[in-house]
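A closer look at the structure
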Amino acid sequence: MTPLLAGRVTGALFLAAFLCYGGGTALGAVPGGIALIFLNSIAVAAIGFLVRARLRTEAPKTAEAYLWARGTEAVLLAAGVWFLLADRPETNALLYAAAMTALAAGSVPMLLALRRLAWFPAWFTAWGVIGYALLGIGAVADSLVPGTGLFFALPGGLFEVVFAIVLLRAGFPARTEEAALITTR
């Protein structure tokens with residue numbers, strides 16, 4: 001798969017995951033909601049594999065860490081479904097918080113690597129780093145004080161949507177030397 005196509009597929013999966021989890025949780029413990037949450041987990045894991053494949057040669061440790069973070073997120077969110085089915089939404093909420101913490105822990109180094117490689121502008125990766133850090137903080141805060149997490153999640157959620165659109169439009173750069181092209185494609 002070319003870097004352009006891999007980036008575009010990654011962007012589409014970011015949006016699909018966002019919509020699947022949001023739609024699935026809105027529907028709740030009905031077959032359609034459960035299916036959407038499971039589809040989210042598949043999309044999240046696939047994002048991890050695609051980003052790992054692209055970063056593997058230029059930031060191998062970060063690539064592996066991101067794959068593990070996304071895999072952990074996928075498993076925790078899928079596990080939460082069983083607790084929704086068992087009418088234990090509080091356990092699902094704790095698994096969600098743990099999943100968002102894992103996502104934040106893997107996404108911050110990934111974005112720092114993208115910045116170091118100059119694949120995206122510094123301001124853009126800084127937005128992502130701050131957004132994911134706040135997401136992790138918000139996940140923990142929401143576990144302690146329910147209702148506080150949404151405030152912290154907004155910058156990271158908005159970043160994910162914009163990141164997905166950027167990837168859909170430009171894909172991943174083919175080589176680090178071509179990174180400057182991402183803003184002109």
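Our subject is the structure that appears above.
Residues numbered from 1 in each chain as written. Predicted model: local features only at pLDDT ≥ 70, side-chain atom pairs only at ≥ 80, totals over all residues. Heavy atoms only, no water.

For Ala141, the location among the structural elements is in helix 5 (residues 122-144). Along the chain, Ala141 and Leu77 lie 64 residues apart, while their C-alpha atoms are 18 Å from each other. In this structure Ala141 touches Thr148 and Phe152, once residues within four positions along its chain are discounted. (Helix = DSSP H or I, 4+ residues; strand = E, 2+ residues; numbered from the N terminus. Contact = heavy atoms within 4.5 Å.)

For the structure on display, the rule yields five salt bridges. In this structure, Glu58 and Arg54 form a salt bridge, with 3.4 Å as the shortest nitrogen-oxygen distance. Judged by relative accessible area, Arg54 falls into the buried class, the value being 11%. A salt bridge links Glu160 to Arg70; its shortest N-O distance comes to 3.7 Å. On the criterion of sequence distance, the pair formed by Glu160 in helix 6 (residues 149-170) and Arg70 in helix 3 (residues 60-85) is long-range, its members being 90 residues apart. A relative accessible area of 12% means that Glu160 is categorised as buried. Overall, the relative accessible area of 2% leaves Arg70 in the buried class. A cluster of three or more residues bridged by salt bridges with shared partners is formed by Arg70, Glu73 and Glu160. (Salt bridge = Lys/Arg side-chain N within 4 Å of Asp/Glu carboxyl O. Buried < 20%, exposed > 50% of the residue type's maximum accessible area, 1.4 Å probe, protein only.)

This part takes up the packing of aromatic side chains. This model, assessed by the stated rule, comprises 14 aromatic pairs. Note on Phe14 and Phe163: the rings are 5.5 Å apart at their centroids and 65 degrees apart in plane angle, and the pair reads as edge-to-face. Placement of the pair is Phe14 in helix 1 (residues 3-27) and Phe163 in helix 6, with a sequence separation of 149 residues. This pair shows no difference in class: Phe14 is buried, exactly as Phe163 is. (Phe/Tyr/Trp six-rings, centres within 6.5 Å; stacked < 30°, edge-to-face > 60°.)

If you look at the biggest cluster of nonpolar residues, it comprises 43 residues, and the most contacted ones within it are Phe14, Leu55, Met110, Leu114 and Phe163. For this core, the elements supplying multiple residues, two or more each, are helix 1, helix 2 (31-55), helix 3, helix 4 (89-116), helix 5 and helix 6. Top element by residues in this core is helix 4. It accounts for nine residues. Residues within four places of Leu55 in sequence aside, it is in contact with Pro60, Thr62, Ala63, Met110, Leu114, Leu117 and Trp119. (Core = buried A, V, L, I, M, F, W, Y, C linked by side-chain atoms within 4.5 Å.)

With that out of the way, let us pick up unusual backbone geometry. Residue Asp87 is not a glycine yet carries a positive backbone phi of 55 degrees. Looking at the secondary structure, you find Asp87 in the loop between helix 3 and helix 4. Of note, Ala118 is a non-glycine position whose phi angle comes to about 60 degrees, a positive value. Tracing the backbone through its elements, the reader meets Ala118 in the loop between helix 4 and helix 5. Judged by relative accessible area, which is 36%, Ala118 ranks as partly exposed.

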